[in-house]
Amino acid sequence: MEKVAAALADPVRRQILEMLREQQLSAGEIAERFSISRPAVSRHLRVLRASGLVSDHLVGRQRFYVLDVEKLVELMQWLTQFVQPSGWEHRLDALETEVYRTRRDRRSPAQLDDIEEHSA
């Protein structure tokens, strides 16, 4: 996972991944889209390949690169532990919903009419 995170840290490599999201590309086609040298693009592709984010295959004399989303899925699954609410947060959300529902149910018909008039 560390290799994946390190590979994603570079903006050029992220751009390469975005390009490969749509289609497979040769190293030359990728390099044409950058102002950096071809050897620099090759180094970025090597890092992406070593991290498992892209794979490559030869067609004749050309090497084509393809996005491999498996490592991204693993990273996303790991990251969700930091954004998913814990069990307590789910319970507190449910409690808040119940409190609002109880308050709504306890209102008199006159209060409900007053609320509807102000919201219209």
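Think of each chain on its own: its residues are numbered from 1, step by step along the sequence as written. In view of the model being predicted, local features appear only for residues whose pLDDT reaches at least 70, and side-chain atom pairs are presented and counted only at 80 or more, with totals across whole chains, interfaces and linings using the full set of residues. Note that water and hydrogens are dropped before the side-chain values are worked out from all heavy atoms of the structure.

A.B. asks: A description of the overall build of the protein should follow, citing residues and the corresponding values.
C.D. replies: Segments assigned H or I by DSSP are reported as helices when at least four residues long, segments assigned E as strands when at least two residues long, and all are numbered from the N terminus. In terms of helices and strands, the protein carries 7 helices and 3 strands. For the protein, the N- to C-terminal ordering of α and β elements is α-α-β-α-α-β-β-α-α-α. Relative accessibility thresholds used throughout: buried, under 20% of the residue-type maximum; exposed, over 50%; partly exposed, between the two (1.4 Å probe, protein chains only). When each of the 120 residues of the protein is scored for burial, the buried share is 23%. In the protein, the share of contacts with a sequence separation of at least 24, taken over all contacts with a separation of at least 6, comes to 48%. Calculation of accessible area relied on Shrake-Rupley with a 1.4 Å probe; when residues are assessed, cover is drawn exclusively from the protein chains displayed. Carbon and sulfur atoms make up 52% of the accessible area of the protein, which amounts to about 9,100 Å² in all. In this description, contact between two residues means that some pair of their heavy atoms is separated by no more than 4.5 Å.

A.B. asks: Got a sec to walk through the packing of aromatic side chains? Specific residues and values, please.
C.D. replies: Here a pair means two rings of Phe, Tyr or Trp (six-membered ring of Trp) with centres within 6.5 Å. Their orientation is stacked below 30 degrees between planes, edge-to-face above 60, and tilted elsewhere. Enumeration according to the criterion identifies 1 aromatic pair in this entry. Pairing Trp78 with Phe82 gives two aromatic rings, centres 5.1 Å apart and planes at 70°, and the pair type is edge-to-face. Here the residue Trp78 and the residue Phe82 both occupy positions in helix α5 (residues 70-83), the gap between them amounting to 4 residues, near one helical turn. For Phe82, a relative accessible area of 57% gives the class exposed.

A.B. asks: Tell me about the pairing of strand β2 (residues 54-59), and please be specific about residues and values.
C.D. replies: Note: β2 against strand β3 (residues 62-67), 6 bridges, orientation antiparallel. Residue Ser55 lies in a different strand from β3, and its bridge partner there is Val66. A pair of strands counts as paired when DSSP detects no fewer than two bridges linking them.

A.B. asks: Before we move on, could you go through the side chain of Arg13 and cite the residues and values that matter?
C.D. replies: Turning to its location among the elements, Arg13 is positioned in helix α2 (residues 11-22). Two residue types count as positive, namely Lys and Arg, and two as negative, namely Asp and Glu; His and chain ends fall outside the count. What counts as a salt bridge is simple: a side-chain nitrogen of Lys or Arg found within 4 Å of a carboxyl oxygen of Asp or Glu. Of the side chains with opposite charge, Asp10 lies nearest to the buried Arg13, which makes no salt bridge, at 4.4 Å. A polar contact of 2.9 Å, which involves the side chain of Arg13, links it to the backbone oxygen of Ala7. Once residues within four sequence positions are removed from consideration, Arg13 is found in contact with Ala6, Ala7, His44, Val47 and Leu48. We define a polar contact as two N or O atoms separated by no more than 3.5 Å, with the added condition that, inside protein, one atom must be a possible hydrogen donor and the other a possible acceptor, whereas residues neighbouring each other in sequence contribute only through side-chain atom pairs.

Don't take any of this as a statement about function, it's just geometry.
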